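Residue-level structural notes
Residue-level listing of the chains:
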Amino acid sequence: MAPKLSHNLTIRTLAVDLGLKASADPVTEIIRFCHRQVKLFLADMGVKCATPPELLQLVANKVSTEFREVHNDHELDDVRHEFLEKKEAGFIALHQELDGRVLGITLKRLNPKPWDLAYVSVIDCRGDNLRRAYFTKWHELVHLLILTDQRRLVFRRTHTAEQCKSPEEALVDVIAGTLAFYPGLVRPHAKGPISFEAIEELRLKLSPTASQQSALLGITDAWPTPCILLEARLAHKAGEIEPGQERFSFQEIPSPVLRAVHVRPNESARKAGVHVIPHFRVPAGSVIYRVFHEGLLYSEAVEELSSWRSSGGAHWSAGPVTVKARKSIDGVQALLIPLSHKSLQ
């Protein structure tokens, strides 16, 4: 999972700081570490969480933070002044930190009362940020789950929406995506074949405040049968053009083609041995290609994954799959469902 992150020195150092065993895949080890913590929280409380939002609040209590949602500028000022009156100097620049590009920030209390939690997580719910609030909360919690002794002096954690993310921020996004729809809460409700309709139905049942995108990622990954979630849009081959070349070069620039820019086998597929390579060109015979180029809203077909080949000869291999493809804003989203689990082994 996330091979580029697994080779990053920051991520490898974090795994060591957390006391995890050496591994070629530290990202997976850190994800497992966080899931073990959540499992222990559930066992320690001796209660059964029925929904992801209930689990969210349980984890928040266990990592000692409280959420403060701000839905307008007035509420933001109220939160800032409330904590400044409590001599919490970290809140002085709160209105500057939540500048529209930062979705949430966690501050450590410097002068807590005996009954106070150690942290405060302020979540920006203004405007369009509201639909991201559920995921933002999990993002902030993951920062606290992986907060090591070496990092405790860094009391502020932020979640940027559109800025280039640091390796740790990217890792936190990955972990938050696996916890936002915790598999143990999703799988008892995930019945029958996976589909976009089934995912949306489950979102509305378990966590209606979660965004459709976070549900698509989280529920697909937690689904008990193998599935590959794919997003395709126009893109250049990796290394085909340099950053900024499209604007500043007079050389002829090759046209972008439809590529699988994001490919995510779910946990069940990964365990079954599915291995796919992102950024492959979408075959012209694929229903994904047809949905994009013919302007279809939705279509599905049975296809062979071996038809996905690179110019170098590499190809995917998971046998025949049912492809369910739908048009998105700038591309196509697709669910690739193996027809036989045996074909994955």
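Small disclaimer: the values here were computed from a predicted structure and weren't measured.

1. Here we look at the sheet that holds strand β7 (residues 298-304)
In space, the 5 strands of this open sheet follow the order β6-β5-β9-β8-β7, with antiparallel pairing throughout. The sheet terminates laterally at β6 (257-265) and β7, the two strands that pair on one side only. Adjacent strand axes in the sheet meet at a mean angle of 25° when their direction is disregarded. One ladder, built from 7 bridges, connects β7 with strand β8 (residues 320-327); its direction is antiparallel. If you follow Glu300 over to β8, its bridge partner there is Lys324. In the packing of helix α10 (residues 196-206) onto the sheet, the strands contacted are β7, β8 and β9 (331-338), and the crossing angle to β9 comes to about 95°.

2. Some thoughts on unusual backbone geometry
A positive phi angle, near 65°, is found at Ser64, a position not held by glycine. Assignment of secondary structure puts Ser64 in the loop between α4 (52-62) and β1 (65-70). Here His279, not a glycine, exhibits a phi torsion of approximately 75°, which is positive. Structurally, the position occupied by His279 is in the loop between α13 (267-271) and α14 (287-293). On the accessibility criterion, His279 (26% relative accessible area) is partly exposed.

3. Some remarks on helix α11 (residues 212-222)
Burial of α11 is extensive: 8 of the 11 residues sit out of reach of the surface. Along α11, the positions that sit buried rather than exposed are Ser214, Ala215, Leu216, Gly218, Ile219, Thr220, Asp221 and Ala222.

4. Here's the deal with the confidence of the model for the chain
Across the chain, the average pLDDT comes to 87, with 88% of residues at 70 or higher. Below a pLDDT of 50 lies the segment residues 152-156, which in the model reaches 12 contacts outside its immediate sequence neighbourhood of four places, other chains included.

5. A look at the pattern of salt bridges
What the rule picks out here adds up to 19 salt bridges. Glu267 is the salt-bridge partner of Arg187, the closest N and O atoms lying 2.8 Å from each other. Taken together, the positions of Arg187 in the loop between α9 (183-186) and α10 and Glu267 in helix α13 put the pair 80 residues apart, joining distant regions of the chain. Its relative accessible area of 24% is what places Glu267 among the partly exposed residues. Note that Glu231 is salt-bridged to Arg233, the shortest N-O span being 2.7 Å. For Arg233, a relative accessible area of 26% corresponds to the partly exposed category. One network of salt bridges, with partners in common, ties together Glu66, Arg68, Glu82, Lys86, Arg109 and Asp116.

6. Remarks on the packing of helix α3 (residues 26-45) against α4
It is the contact of α3 with α4, at a shortest axis distance of 10 Å, that shows an interaxial angle of 90°. When the axis of α3 is compared with that of α4, the two are roughly perpendicular. Contacts from Val38, Phe41, Leu42, Asp44 and Met45 in α3 reach Leu55, Leu58, Val59 and Lys62 in α4. Grouping the constituent residues of the contact of α3 with α4 by class yields 7 nonpolar, no polar and 2 charged.

7. Focus on the packing of aromatic side chains
Tallied over the entire structure, the rule returns 2 aromatic pairs. Ring geometry for Phe83 versus Phe91: centroids 4.4 Å apart, planes at 10°, classification stacked. You'll find Phe83 and Phe91 in the same group, each marked buried. Geometrically, the ring pair formed by Tyr134 and Phe181 is edge-to-face, given 6.0 Å between the ring centres and 65° between the ring planes. Residue Tyr134 is located in helix α7 (residues 133-145), and its partner Phe181 is located in the loop between α8 (167-180) and α9; the two are separated by 47 residues in the primary sequence.

8. Observations concerning the nonpolar core
Counting 62 residues, the largest nonpolar core has Ile30, Leu55, Trp138 and Leu179 as the members making the most contacts within it. In contact with Trp138, other than residues within four places in its own chain, are Pro52, Leu55, Leu56, Val59, Ala176, Leu179 and Ala180. Among the nonpolar cores identified, the runner-up in size contains 24 residues, and Ile228, Phe280, Val287 and Val291 belong to it.

9. Side note on the side chain of Glu303
Relative to the helices and strands, Glu303 is located in strand β7. Look at Glu303: it is buried, it has no salt bridge, and the nearest opposite charge is Arg290 at 7.5 Å. Engagement of the side chain of Glu303 in a polar contact is seen with the side chain of Ser286, the distance being 3.1 Å. Sequence-distant contacts of Glu303, that is, excluding residues within four places in its chain, are made with Gly285, Ser286, Val287, Ile288, Trp308, Gly319, Pro320, Val321 and Val323.

Parameters at a glance
- The numbering scheme is per chain: residues are counted from 1 as the chain's sequence reads.
- Selection of residues for local features in this predicted model requires a pLDDT of at least 70, selection of side-chain atom pairs for listing and counting requires 80 or more, and totals for whole chains, interfaces and linings are taken over all residues.
- Only hydrogens and water are removed before side-chain values are computed, so all heavy atoms of the structure are retained for them.
- By the convention used here, strands pair only if DSSP detects at least 2 bridges between them.
- Helical segments are the DSSP runs of H or I of at least four residues, strand segments are the runs of E of at least two, and each set is numbered from the N terminus.
- Only C-alpha atoms enter the line fits that serve as axes; for helices the fit covers just the stretch in contact. Angles between N-to-C directions range over 0 to 180 degrees.
- The contact criterion used is simple: two residues touch if any of their non-hydrogen atoms lie within 4.5 Å.
- Any residue under 20% of the maximum accessible area for its type is buried, any over 50% is exposed, and the rest in between are partly exposed; the area is computed with a 1.4 Å probe on protein chains only.
- For every residue, the predictor reports its confidence as pLDDT, a number between 0 and 100.
- By convention in these notes, a salt bridge is any Lys or Arg side-chain nitrogen within 4 Å of a carboxyl oxygen on Asp or Glu.
- An angle counts as roughly parallel when it lies under 35 degrees, as roughly antiparallel when it exceeds 145, as roughly perpendicular when it falls between 65 and 115, and as oblique in every other case.
- Residues are grouped as follows: Ala, Val, Leu, Ile, Met, Phe, Trp, Tyr, Cys and Pro are nonpolar; Asp, Glu, Lys and Arg are charged; all remaining types, including Gly, are polar.
- Pairing of aromatic side chains here covers Phe, Tyr and the six-membered ring of Trp, requires ring centres within 6.5 Å, and sorts the geometry by plane angle: under 30 degrees stacked, over 60 edge-to-face, intermediate tilted.
- In this description, a nonpolar core means a group of buried Ala, Val, Leu, Ile, Met, Phe, Trp, Tyr and Cys residues linked to one another through side-chain atoms lying within 4.5 Å.
- Positive charges are assigned to Lys and Arg, negative charges to Asp and Glu, while His and the chain termini are left out of the count.
- Polar contacts here mean pairs of N or O atoms no more than 3.5 Å apart (in protein, one a potential hydrogen donor and the other a potential acceptor; neighbouring residues in sequence count only if both atoms are side-chain atoms).

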